[in-house]
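Next come the chains, spelled out residue by residue.
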2 protein chains.
Amino acid sequence: MKTRDKIIHASIELFNEQGERNITTNHIAAHLGISPGNLYYHFRNKEDIISAIYAEYADDLISQFQRLSDTENPLDSILQYMDIVFQLISKFRFFYSNLPVLLSKNPSLKKRYSEIQREIIKKVSSMLVSLKEAEILNIREEELDDLTCLLRITTTFWLSYLQTQHDEPKIDDAALYQGLMKIFALLSPYVTDSAREDFEKARGHYRELEQQAAESAVTA
Amino acid sequence: MKTRDKIIHASIELFNEQGERNITTNHIAAHLGISPGNLYYHFRNKEDIISAIYAEYADDLISQFQRLSDTENPLDSILQYMDIVFQLISKFRFFYSNLPVLLSKNPSLKKRYSEIQREIIKKVSSMLVSLKEAEILNIREEELDDLTCLLRITTTFWLSYLQTQHDEPKIDDAALYQGLMKIFALLSPYVTDSAREDFEKARGHYRELEQQAAESAVTA
DNA sequence: AATCTTTTTGAGTATTTACTTTAAGCGCGT
DNA sequence: ACGCGCTTAAAGTAAATACTCAAAAAGATT
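Residues numbered from 1 in each chain as written. Chains lettered and ligands numbered in written order. Predicted model: local features only at pLDDT ≥ 70, side-chain atom pairs only at ≥ 80, totals over all residues. Heavy atoms only, no water.

Per an unreviewed UniProt entry, chain A goes by the name TetR/AcrR family transcriptional regulator and belongs to Thalassotalea litorea.

Now the structure itself:
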């Protein structure tokens, strides 16, 4: 691996573990056994590292979305989609734990964040429309924006919420599935009678996955 | 006003405006025209100031809740309650913009935060139960915890969400009413037919308030 | 007025932190 | 072997920052 990539990955790791604020460029260099000068050969400054991390996040997001199997079932689509979003937020959780502060410090980062968010809004909205057209959800036109917004707040801040709840927040697969269960809870009141059975089946499936993940976390 | 209180209030103001991270103890002292030594006579360190701010927040919260008019109408109750919560979060928004980071840095603060959150969960749950018993909301027992959680995530992170959305986030009354509208959106699918009319009336009322606030913000 | 306590000053310090600079090492084509 | 460009090292530095301390000022008490 190139030094530049090693710096990026060590930074993600250290930031997630100890918080971006508590990790200096010297820490990162020491962790990798390289000199600070070397780090600054590859990056102009710390902000530059964070921007590079965000670029990696954005690349991940796009490539994962493209890999998203083009299923016939719109319910599966949105669940797969939410799964990806939760996993990416988990991988870059230092960023989301600190979202307003990191964005306000770095206007160009905020711009790129906004662009990607706009894509996400479009995607979520169109998925909800698909669900409505497939008569899986019964959403009125004027409810669509609010529901999109609530879905986004829940996904974006789910891990932050967990971190405020527990003393030693363990961000594992079980935590992500718990977040997915909140997505089910949000959609549940809108599910049509005809789709209820499938919906509850999918919900039960993810509930099982959550419990399996919780158990394997305990034994591990 | 005593110096200690002046320090607390200047800190809240500066933290909200420029972020806790960008404000040093020397800044606070300079802003007040006092010496750093004086500041450190009243507070052991910066964390101590943040803890004192949180104490003020907690006091505000408790006194506001006690002042909450003991209305017969459970719908009014939860709306008044949410209004208070949004206003307090706005007043201490630097804290919520940074919640996971600030809490993880300060275990004793996290403990106090958790205690207060436990009270809030109890209160929100009991309000939802009242709404169910008054046949305003049609919530099943097993849906209650999820809905409580979603209400809490939405209120806690509403301002953080807004800050990530706009380039120059203006946190005014209109922004808070928009948050309240999301609470309506969350509850709406559960509203019973018999209560629908009252619910939509209240919703329309707050929508008007939001628009008035938005207009007066433009003219101001 | 004298004494004691509380508050405030302001110059200072130890440490941290982001970042620089100069020079050396390394791979590689010729 | 030599030169060239890319990469790395090591030793820094300037600025910021949280915090201290001895002494002065202000206020209270008798």
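After presenting the structure, the write-up continues.
Participant: Describe the overall build of chain A, and please don't skip the residues or the numbers.
Facilitator: Helix and strand counts for chain A stand at 11 helices and 0 strands. When its helices and strands are written in sequence order, chain A yields α-α-α-α-α-α-α-α-α-α-α. On the principal axes, the C-alpha backbone points of chain A span a range of 65 × 40 × 30 Å. Counting all 220 residues of chain A, 53% fall into the buried class. Of all intrachain contacts in chain A linking residues separated by at least 6 positions in sequence, the fraction that spans at least 24 positions is 66%. As presented, chain A carries roughly 10700 Å² of accessible surface, and 47% of it is formed by carbon and sulfur atoms. The averaged location of the 33 negative side-chain charges in chain A is 8 Å from the averaged location of its 25 positive side-chain charges. (Helix = DSSP H or I, 4+ residues; strand = E, 2+ residues; numbered from the N terminus. Buried < 20%, exposed > 50% of the residue type's maximum accessible area, 1.4 Å probe, protein only. Contact = heavy atoms within 4.5 Å. Areas by Shrake-Rupley, 256 points an atom, 1.4 Å probe, with all protein chains shown as cover. Lys, Arg positive; Asp, Glu negative; His and termini not counted. Charge placed at Lys NZ, Arg CZ, Asp CG, Glu CD.)

Participant: Tell me what's going on with the UniProt feature "DNA-binding region" (unreviewed entry) in chain A, and back it up with residues and numbers.
Facilitator: According to UniProt, the positions carrying the feature "DNA-binding region" (unreviewed entry) are residues 24-43 of chain A. In residues 24-43 of chain A, helix accounts for 75% and strand for 0%; the two terminal C-alpha atoms are 13 Å from one another. (UniProt positions renumbered as here; feature names shortened; annotations may be inferred.)

Participant: Mind laying out the protein's contact with DNA strand D, listing which residues take part and the relevant values?
Facilitator: Near DNA strand D you find 16 residues, and of these Thr-3 and His-42 of chain A together with Thr-24, Tyr-40 and Asn-45 of chain B are the closest. Taking all atoms of DNA strand D within 4 Å of the protein, the share assigned to sugar and phosphate is 66%. Listing elements by their share of the surface near DNA strand D, those giving two or more residues are α3 (36-42) of chain A together with α2 (25-32) and α3 (36-42) of chain B. For the surface near DNA strand D, the element with the highest residue contribution is α3 of chain A, accounting for 4 residues. Of the residues contributing to the surface near DNA strand D, the split by class is 4 nonpolar, 11 polar and 1 charged. (Near = heavy atom within 4 Å. Nonpolar A, V, L, I, M, F, W, Y, C, P; charged D, E, K, R; others polar.)

Participant: Please set out the protein's contact with DNA strand C residue by residue, giving values where relevant.
Facilitator: In the neighbourhood of DNA strand C, 15 residues make up the surrounding shell, with Asn-45 of chain A together with Thr-3, Asn-38, Tyr-41 and His-42 of chain B lying closest. One nitrogen or oxygen atom from the side chain of Asn-38 of chain B is found 3.1 Å from a phosphate oxygen belonging to DNA strand C. The separation between a phosphate oxygen of DNA strand C and a polar side-chain atom of His-42 of chain B is 2.7 Å. For the surface near DNA strand C, the secondary-structure elements that each account for two or more residues are α2 (25-32) and α3 of chain A together with α3 of chain B. Take the surface near DNA strand C: its biggest share by element is 4 residues, from α3 of chain B. Along the lines of polarity and charge, the residues of the surface near DNA strand C split into 4 nonpolar, 10 polar and 1 charged. (Polar contact = N/O pair within 3.5 Å; in protein donor to acceptor, adjacent residues only side chain to side chain.)

Participant: Describe the packing of helix α9 (residues 144-165) of chain A against helix α10 (residues 173-187) of chain B, listing the residues and the values that go with them.
Facilitator: Remark: α9 of chain A packs on α10 of chain B, axes separated minimally by 10 Å, with the N-to-C direction vectors making an angle of 100°. Classified by the angle their axes make, α9 of chain A and α10 of chain B are roughly perpendicular. Across the interface between the two elements, Asp-146, Cys-149 and Leu-150 of chain A from α9 of chain A touch Lys-182, Ala-185 and Leu-186 of chain B from α10 of chain B. Its residues assigned to classes, the contact of α9 of chain A with α10 of chain B shows 4 nonpolar, no polar and 2 charged. (Axes fitted to C-alpha atoms, helices over the stretch in contact; angles between N-to-C directions. Parallel < 35°, antiparallel > 145°, perpendicular 65-115°, else oblique.)

Participant: Outline the interface of chain B and chain A, supporting the account with residue identities and numerical values.
Facilitator: Contacts between the two partners involve 38 residues from chain B, matched on the other side by 38 residues from chain A. Here chain B meets chain A over a buried area of about 3400 Å², counting both sides, of which 58% is carbon and sulfur. Considering only the side of chain B, the residues that lose the most area to chain A are Arg-21, Tyr-161 and Thr-164 of chain B, jointly responsible for 20% of the buried surface there. Taken together, chain B and chain A are joined by 4 salt bridges. For Asp-146 of chain A, the salt bridge is made with Lys-182 of chain B, and the minimal N-O distance between the two is 2.5 Å. Along the contact surface separating chain B from chain A lie 12 residue pairs in polar contact (both at pLDDT 80 or more). Secondary structure elements with two or more residues in the side of chain B that touches chain A: α7 (99-105), α8 (107-133), α9 (144-165) and α10 of chain B. Sort the elements by how many residues they give to the side of chain B that touches chain A and α9 of chain B lands first, with 13 residues. Of the residues in the side of chain B that touches chain A, the class split is 17 nonpolar, 10 polar and 11 charged. (Buried area = accessible area lost by both parts, 1.4 Å probe. Salt bridge = Lys/Arg side-chain N within 4 Å of Asp/Glu carboxyl O.)

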